[in-house]
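The primary structure of each chain is shown beneath.
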Amino acid sequence: MRTVLTVLRKDLLLELRTFETLPAMILFSVSTFVVFHFALDQSTIAGQLAAGVLTATLLFAGLLGVNRLFVAEREQGGFDGFLLAPVDRSALLVAKAAALFIFLVVLEVVALPAFALLLLGPSLGPPLGGVVVLLVLADLALAVIGTLVSAIAIRTRARDLIGPIIALPLLIPALIATAEGAGPLLAVHGHTFPEGRWLLILALYDLVFALLAYAVFDFLLED
Amino acid sequence: MTVFAVAPALPLHTAGKYVAAAYIVFVVLILVYVAIMAVRLRRTERGLAQLRDEVAAREADRADERDLEEVA
Amino acid sequence: MSSYSRGLRGLTIATVATIAAALALVFFYAPLDADQGFIQKIFYVHVPLAIVSLCGFVLGGLFAVGHLRTGDRRWDMRSYVAIHMSLIFTVGGLITGSIWAKASWGHWWEWSDPTLVSYLIVFLLYATYQPLRFSIEDPERQARYASVFAVVAGAFVPMNFIAVRLSQGFVHPRVLTLTGGRLPGSMQLTFGISLLGIALLFATLWKYELAAKSTRMQLRRLRRAVLGEDAVRPLGRSAAPS
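Keep in mind the model is a prediction, meaning the values are calculated, not measured.

A. Expanded view of the overall build of chain B. Scanning chain B from N- to C-terminus turns up one helix and zero strands. With 72 residues in all, chain B has 6% of them scored as buried.

B. Focus on the overall build of chain C. Tallying secondary structure elements over chain C gives seven helices and zero strands in all. The linear arrangement of helices and strands in chain C, starting from the amino end, is α-α-α-α-α-α-α. For chain C, the proportion of its 242 residues judged to be buried stands at 46%. For chain C, contacts bridging at least 24 residues in sequence account for 81% of all contacts bridging at least 6.

C. Quick peek at the interface of chain B and chain C. In this assembly, 26 residues from chain B lie in contact with 32 residues from chain C. Of the residues that constitute the side of chain B that touches chain C, the class distribution is 20 nonpolar, four polar and two charged.

D. Spatial organisation of the environment of C:R144. Its place among the elements puts C:R144 in helix α6 (residues 139-167). C:R144 gets classed as buried once you count the C-beta atoms within 10 Å, which come to 24. Sequence separation between C:R144 and C:A64 is 80 residues; the distance between their C-alpha atoms is 8.6 Å. For C:R144, the contacting residues outside a window of four places in its chain are A:F219 and A:E222.

E. Main features of the nonpolar core. Ranked by size, the top nonpolar core spans 144 residues in total, and within it A:A141, A:I145, A:I152 and C:F149 carry the most contacts. Counting residues per element, this core draws most heavily on helix α7 (residues 128-153) of chain A, which supplies 16 residues. The residues contacting A:I152, other than those within four sequence positions of it, are A:I166, A:L220, C:Y145, C:V148 and C:F149.

F. Summary view of the environment of A:F28. All names here are of chain A. Checked against the element boundaries, F28 lands in helix α2 (residues 22-40). On the neighbour-count criterion, F28 (19 C-beta atoms within 10 Å) is partly exposed. Once you skip the residues sitting within four places of it in the chain, F28 turns out to touch A61 and L64.

G. Here's a closer look at the interface of chain C and chain A. Opposite the 24 residues of chain C that make contact, chain A presents 25 residues. Among the elements of the structure, α4 (114-126), α5 (129-134) and α6 of chain C are those that each provide at least two residues to the side of chain C that touches chain A. Ranked by residue count, the leading element in the side of chain C that touches chain A is α6(C), at 15 residues.

H. Expanded view of the packing of α2(A) against helix α3 (residues 47-68) of chain A. Residues and elements named next belong to chain A. At their nearest, the axes of α2 and α3 sit 9 Å apart, and the two run at 145° to each other. With respect to the hand of their crossing, α2 and α3 are arranged in right-handed fashion. The residues of α3 that touch α2, namely those facing A24, M25, F28, S29, T32, F33 and F36, are V53, T57, L58, F60, A61, L64 and G65. For the contact of α2 with α3, the per-class residue count stands at 10 nonpolar, four polar and no charged.

I. Structural detail: helix α7 (residues 185-227) of chain C. Helix length check: α7(C) (43 residues) gives 62 Å between terminal C-alpha atoms against 63 Å at 1.5 Å per residue, within 8%. Of the residues flanking the end of α7(C), it is C:G228, one or two places downstream, whose phi is positive at about 95°.

J. View of helix α1 (residues 2-18) of chain A. The terminal C-alpha atoms of α1(A), which comprises 17 residues, lie 24 Å apart, in line with the 24 Å expected from a rise of 1.5 Å per residue. Phi turns positive, to about 50°, at A:F19, one or two residues after α1(A).

K. Geometry of the environment of C:T90. Residues and elements named next belong to chain C. You can see T90 is positioned in helix α3 (residues 73-105). For T90, a count of 23 C-beta atoms within 10 Å gives the class buried. Spatially, the C-alpha atoms of T90 and I193 are 20 Å apart, while their sequence positions differ by 103 residues. What T90 contacts, discounting residues up to four positions off in sequence, is S53 and F123.

L. Structural view of the confidence of the model for chain B. In this model, chain B carries an average pLDDT of 78, and 79% of its residues clear a pLDDT of 70 or more. Here residues 1-12 of chain B is a poorly scored stretch, pLDDT under 50, and it has 16 contacts once near neighbours within four places are set aside; other chains count.

M. Summary view of the arrangement of the chains. By contact count, the leading pair among the two pairs of chains in contact is chains B and C. For chain A and chain B, which are not in contact, the least C-alpha distance works out to 25 Å.

N. Region of interest: the packing of helix α8 (residues 159-182) of chain A against α6(C). At their nearest, the axes of α8(A) and α6(C) sit 9 Å apart, and the two run at 20° to each other. Classified by the angle their axes make, α8(A) and α6(C) are roughly parallel. In this structure, the crossing between α8(A) and α6(C) has a hand that is left-handed. Seen from α8(A), the contacting residues are A:L170, A:P173, A:I176, A:A177 and A:E180; seen from α6(C), they are C:F156, C:M159, C:N160, C:A163, C:V164 and C:S167. Class assignment for the residues of the contact of α8(A) with α6(C) results in eight nonpolar, two polar and one charged.

O. Geometry of unusual backbone geometry. With a phi angle near 55°, A:D41 is a residue other than glycine that sits in the positive phi range. On the secondary structure map, A:D41 appears in the loop between α2 and α3.

P. Structural view of the confidence of the model for chain C. Per-residue confidence for chain C averages 86 on the pLDDT scale, and 88% of its residues sit at or above 70. On the interface metric, ipTM, the complex scores 0.87, and its pTM is 0.87.

The rules behind these values
Residues numbered from 1 in each chain as written. Chains lettered and ligands numbered in written order. Predicted model: local features only at pLDDT ≥ 70, side-chain atom pairs only at ≥ 80, totals over all residues. Helix = DSSP H or I, 4+ residues; strand = E, 2+ residues; numbered from the N terminus. Buried ≥ 20, exposed ≤ 12 C-beta atoms within 10 Å, placed from the backbone. Contact = placed C-beta atoms within 7 Å. Nonpolar A, V, L, I, M, F, W, Y, C, P; charged D, E, K, R; others polar. Core = buried A, V, L, I, M, F, W, Y, C linked by C-beta atoms within 7 Å. Axes fitted to C-alpha atoms, helices over the stretch in contact; angles between N-to-C directions. Left-handed = near helix turned anticlockwise from the far one by under 90°. Expected span 1.5 Å × (residues − 1). pLDDT = per-residue confidence, 0-100. Parallel < 35°, antiparallel > 145°, perpendicular 65-115°, else oblique.

This is the structure:
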């Protein structure tokens, strides 16, 4: 547990000092909203369309963060240092996933109001709680799968390319559940809380992938 | 209670074309695969022949050296 | 290690016989479907291809587990060939599925068919397997990372189908199967033989490819033993534990 917190603190401090990843993710999502405005030729969107645009944008911004996750470790020998230390190797997985999760949450704190301002027709106030719950579960999926894929991709030659193409199919079921769950919430006079079905799918997906990642992560660190 | 379908020959209306296309895709995939394997097999056989020739050449060299030594 | 070629001839003969029998059954025995007519015959090649390819992916994952647990690279080779073969079968399944969709509904793709959509997603995932493998230079690490991928992806296959199907609950999905519930006995028999034929085909080609790989490997070892290290050119893209 202490290892996890130490590594996590290091990553958060690093981000605070260098501001490499988060601003890029935020800028990317806001720019993407602008692109969507022109691509769809609409001033406001609602319902399923809005849910789709929001989910897709957050997904792609998240993938940007995924690419950067292990860069410091690779470039400065952090992997070797970690392997030499007498700690549980899966702690690296938990710490990195936690860091990515925090980045995603911060991203959404900025991106969601931006979305409400720029593109969303109906007010975000009433369904906000439901949207937040959905996004938290989706962020968990993105964090776990993103960390796993990043760890795989970081040792390959084409790392920035390999990461997203592996992550996207793996994330599609989570994406489906998030977008379908958010659709009724973002509609005009929509619901305020998503259907239990989508939350269940997301929660199960998170659980299964978390266990799977925990089981295989050790094999990625061996050298 | 066997029911035998009418007309085994492929009818040439539209439905037949689609069914034929599907089965042709299946056959073509298999044949392409077999062809690729045949190419690889030829390459392996060539490698084997090369190896055999190299070994024979080395045997011949060694035999020559032995002859030379006996004389000396 | 060249035990892969043992029994290969018998297996091939069984495969040819079964596929021939299946084709005969499809075109001479199975009755015409009431709804779809002659078009339904595609069912006997599309569905077995899809089922066998999906099982092949899961099998690849199981072989990969064997590799991760024992460290023996031969398991990795078996996993690689199984996944490689399944990918080819998946292409066949997607194309035949698309042809069936065009014949049934008039367009080449149908988003409201959950099975076909899940199948596409699985294909997109496994299409990244070879790019991943061959972008890792160290052969030991390549095998290990590929196995991790195979295990995760293998677990993903059933999860994906469940998730997509759950998400289609309310919309009436158009499904590429036979409408009208249970298959009559004659169709069941035809389907069973077709499925068996394609499964045997998978097994035959899998063995065949492994025999070829293993022979190539032994040739390299022989070259190295007889002619020395320099005579052996480094392998390009290969999953064989040279």
